[in-house]
Amino acid sequence: MTQNDKVINPNIRNIAIIAHVDHGKTTLVDHLFRQSGLFRSNQEVADRVMDSMDLERERGITIAAKNCSVKWGDVKINILDTPGHADFGGEVERAMMMVDGCILLVDSSEGPLPQTRFVLRKALEAGISIIVVVNKIDRQDARPQEVLNEVYDLFIVLDATEDQLDFPVLYAIGREGIAMHKIGDESSTLAPLFDTIVKHIPGPSHNPEQPFQMLVTNLSYSDYLGRLAIGRVFNGTARKNERLARIGEGGAVEPLRVSKLQVYQGISFAEVDQAEAGEIIILSGIENVEIGDTICTLERPLALPRITVDEPTISMKFMANTSPFSGKEGKLVQPQKIKERLHKEALYNVALKIEESREDESCIVRGRGEFQMAILIETMRREGFEVTVGRPQIIYKEIDGEKHEPIEHLIIDCDEAHIGILSETLSIRRGKMVNMVNHGTGRVRLEFEIPSRGLIGYRNEFLTDTRGTGIMNSYLKGYEPYKGDFMSRQLGSLVADRQGEAIPYAIFGLQPRGKMFVQPQDPVYEGMVVGEHNRDNDLNVNICREKKLTNIRAAAKDENVILTPVVPLTLEKAIDFIRDDELVEVTPKSIRIRKTVLPANKRS
């Protein structure tokens, strides 16, 4: 069986599952596992088995693309569970290099959302076959036919070809493991989906005249086997103990020694003696390898095209913790340790770029968005690091001698009552409304084009403006000429003027001045931000002031000190809050906001 002078392997299907956040990707994969016979009938299996990271389970999202496999009849189906958030787009771009088709999962009520558009665009650019699955058709507010029409519109807007528009459609109740070709069909399993995958997704093709070639699309690490190189065999056959070589970015050929050859069997690995073209394999024991490298035979080294990803749009400064509390809560505080950890992260995440500063011992980390940075910082603090990070900065481009900035297409779902305040707030941030859709249900969909810097620090303000009922999503539209300056934060900071402990009496006296970030007995130091000021300027305050005692007693009792409850400061909230002259101090136990210059007499 040939196609474009290539041979197709009919025994394998490589697919990715792509969708917006929380549309049911990982839950669907759970049922694919169960119904393919991967688990015993009496075996206990955790929900969302593919969400292996603690942060993924806590937040209910997929952060890193992960591989697994199932068997349906005689066909092995390799599945890649991809993130739905645009900040982790590098994971999606890697996945597209490994597959021949994908399942586009769309919520039957929410329809295609910004990240649906982002991941679908990547799939269409890769030219792979697509199966559309309208999920959650059991929702009370489900509108599957309207959503399907919106999917067709999205394909057309993204310049899909006629072949790509001729996609099969299935309807699913993912949490019950049910798929059907038409709504109302008698179905109690995912068999229609399995059959559609085998029928409509082509097997991997390869050139039988080419030697062994594998593209490294992911890296992992095993305590027993060392570094693991994961990728797809594009041509030839991988054999155990074969003499191999690595072709890096510069084209240099380095000989390799591979200790073990493995393939995916469910969510774990199985050792094999050889793997045919189209298979996704894991090579063990390769120390010097990077994502995008080609692994090939030493006798006939031929390089494959490297993985290309979208350029970063924001940067953040990472440095060692230099506050008076440095080293009290974390075990990894040295600048060199932080640099090594960041460079290690860049090896596994192709969307991150690390640049060491020449002025001090800090690093500039370039990435896709605030959320991606927050996940990296949270991961580091759980590993025992103490770091200090600066405000996210937009990466500008110079095009034809003119300064250009990234522009986001922002989509908001909110109640009708909030249209006015959102339009006013976003116009201050240089946003321009381009569309408004009223479904007649009391909620509207607003679309804006806004500079990326206009969204930095906006999420908390948005939740306040919409009383917590609004949904906000965005994707990168492109670069446009600089839109002009604006003030992103209207209010100033309350800054501690001395070191000590926060005292209830002092906090009570400061509550009329603004919203507090610290609670009684929290340690503070000079230059630490302890609250948000009600006015636009910073105010140095004594939060350690105690009530003076005298020997005069009044007949009336002393006033009770009743404090307003303090909402704990989260990492995302802290990053959103800070100005250019402020930093976020992150330790395994605490998140604090501080001024870049701590002594009050040295701050202008």
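Up top is the structure these notes are about.
In this text, all values refer to a predicted model and were calculated from it rather than measured experimentally.

What counts and how
- Residues numbered from 1 in each chain as written.
- Predicted model: local features only at pLDDT ≥ 70, side-chain atom pairs only at ≥ 80, totals over all residues.
- Heavy atoms only, no water.
- Helix = DSSP H or I, 4+ residues; strand = E, 2+ residues; numbered from the N terminus.
- Buried < 20%, exposed > 50% of the residue type's maximum accessible area, 1.4 Å probe, protein only.
- Contact = heavy atoms within 4.5 Å.
- Areas by Shrake-Rupley, 256 points an atom, 1.4 Å probe, with all protein chains shown as cover.
- Salt bridge = Lys/Arg side-chain N within 4 Å of Asp/Glu carboxyl O.
- Phe/Tyr/Trp six-rings, centres within 6.5 Å; stacked < 30°, edge-to-face > 60°.
- Core = buried A, V, L, I, M, F, W, Y, C linked by side-chain atoms within 4.5 Å.
- Expected span 1.5 Å × (residues − 1).
- Arc of directions from axis to C-beta.
- Pairing = 2+ DSSP bridges.
- Patch = residues over 30% accessible without salt bridge, like charges linked within 9 Å, V, L, I, M, F, W, Y side chains within 5 Å.
- Axes fitted to C-alpha atoms, helices over the stretch in contact; angles between N-to-C directions.
- Parallel < 35°, antiparallel > 145°, perpendicular 65-115°, else oblique.
- Nonpolar A, V, L, I, M, F, W, Y, C, P; charged D, E, K, R; others polar.
- Polar contact = N/O pair within 3.5 Å; in protein donor to acceptor, adjacent residues only side chain to side chain.

Caption draft 1: Summary view of the overall build of the protein chain. Scanning the protein chain for helices and strands turns up 13 helices and 38 strands. When the 604 residues of the protein chain are sorted by exposure, 53% land in the buried category. Within the protein chain, contacts between residues at least 6 apart in sequence are counted, and of these 72% link residues at least 24 apart. When the accessible surface of the protein chain is totalled, it reaches about 28300 Å², and 47% of it is carbon and sulfur.

Caption draft 2: Just the pattern of salt bridges, in detail. Enumeration over the complete set of coordinates arrives at 32 salt bridges. In this structure, R366 engages E355 in a salt bridge whose closest nitrogen and oxygen atoms are separated by 3.1 Å. Of this pair, R366 sits in strand β23 (residues 363–367) while E355 sits in strand β22 (residues 353–356), and the two are 11 residues apart along the sequence. Residue class for R366 comes out partly exposed when judged on its relative accessible area of 24%. Relative accessible area serves as the criterion here: at 40%, E355 is assigned to the partly exposed category. Among the charged side chains, a network of salt bridges with common partners joins D538, R579, D581, E582 and K595.

Caption draft 3: Looking closely at the packing of aromatic side chains. All told, the structure shown has seven aromatic pairs when counted by the stated rule. Measuring from centroid to centroid gives 4.2 Å for W72 and F194, while their planes differ by 10°, and the two rings are stacked. Within this pair, whereas W72 is found in strand β4 (residues 66–72), its partner F194 is found in helix α7 (residues 191–200), the two being separated by 122 residues in sequence. W72 gets classed as partly exposed once you look at its relative accessible area, which sits at 25%. When its relative accessible area of 1% is taken as the criterion, F194 is described as buried. On the numbers, 6.0 Å between centres and 50° between planes, the contact of Y458 with F462 is tilted. Taken together, the ring pairs connect Y152, F155 and F167 into an aromatic cluster.

Caption draft 4: The arrangement of the nonpolar core in detail. Grouped together as the largest cluster of nonpolar side chains are 38 residues, with contacts concentrated most on I18, L104, L120, I130, V132, V151 and F155. With near-sequence residues (within four places) excluded, I18 lies in contact with K25, T82, M96, C102, I103, L104, L105, V119, L120 and A123. Within the second largest apolar cluster, 33 residues are counted, among which are F318, L342, A374 and L571.

Caption draft 5: Up close: unusual backbone geometry. Notably, R430 is not glycine yet its phi reads approximately 70°, a positive angle. Following the sequence through the fold, R430 ends up in the loop between α10 (419–428) and β28 (432–438). Its identity as a non-glycine residue notwithstanding, Q521 has a phi of 75°, on the positive side.

Caption draft 6: Examining helix α5 (residues 144–157) more closely. With 14 residues, α5 ought to run about 20 Å at 1.5 Å a step, and its terminal C-alpha atoms sit 20 Å apart, in line with that. Those residues of α5 not exposed but buried are P144, V147, L148, V151, L154 and F155. Buried residues of α5, seen end-on, are gathered within an arc of 115° and therefore sit on one face of the element. Exposed and facing more than 90 degrees away from the buried side of α5 are I156 and V157. Just downstream of α5 lies D159, where phi reads positive at about 60°.

Caption draft 7: Expanded view of the pairing of strand β15 (residues 253–256). Note that strand β14 (residues 244–247) and β15 share four bridges and pair antiparallel. Bridging from a neighbouring strand, I247 pairs with V253 of β15. Hairpin connection of β14 to β15: five residues between the antiparallel strands, including G251 at a positive phi of 95°.

Caption draft 8: Representation of helix α9 (residues 370–382) in the model. In this model, α9 (13 residues) spans 18 Å end to end at C-alpha, consistent with the 18 Å of a helix rising 1.5 Å per residue. Across the 13 residues that make up α9, a large majority, 10, are buried. Buried within α9 are the following residues: F371, Q372, M373, A374, I375, L376, I377, E378, M380 and R381. Just past α9, the residue G384 takes up positive phi, approximately 105°.

Caption draft 9: Representation of a nonpolar patch on the surface. A surface patch of nonpolar side chains, amounting to about 230 Å² of accessible area, comprises Y505, F508 and V561. On the secondary structure map, V561 appears in the loop between β36 (539–541) and α13 (571–577). According to the relative accessible area criterion, V561 is partly exposed, its value standing at 39%.

Caption draft 10: Spotlight on the packing of helix α1 (residues 25–35) against α7. Direction vectors running N to C along α1 and α7 enclose 90°, while the axes themselves pass 11 Å from each other. Here α1 lies roughly perpendicular to α7, going by the angle between them. Between α1, through L28, L32 and Q35, and α7, the contact on the second element is made entirely by A191, L193 and F194. Tallied by class, the residues present in the contact of α1 with α7 amount to five nonpolar, one polar and no charged.

Caption draft 11: The arrangement of the side chain of S108 in detail. When you line up the elements, S108 lands in the loop between β6 (101–107) and α4 (114–126). Residue class for S108 comes out buried when judged on its relative accessible area of 0%. At 2.5 Å, the side chain of S108 and the backbone oxygen of K136 are in polar contact. Beyond its immediate sequence surroundings of up to four residues, S108 is in contact with V134, N135, K136, I137, A142, R143, P144 and V147.

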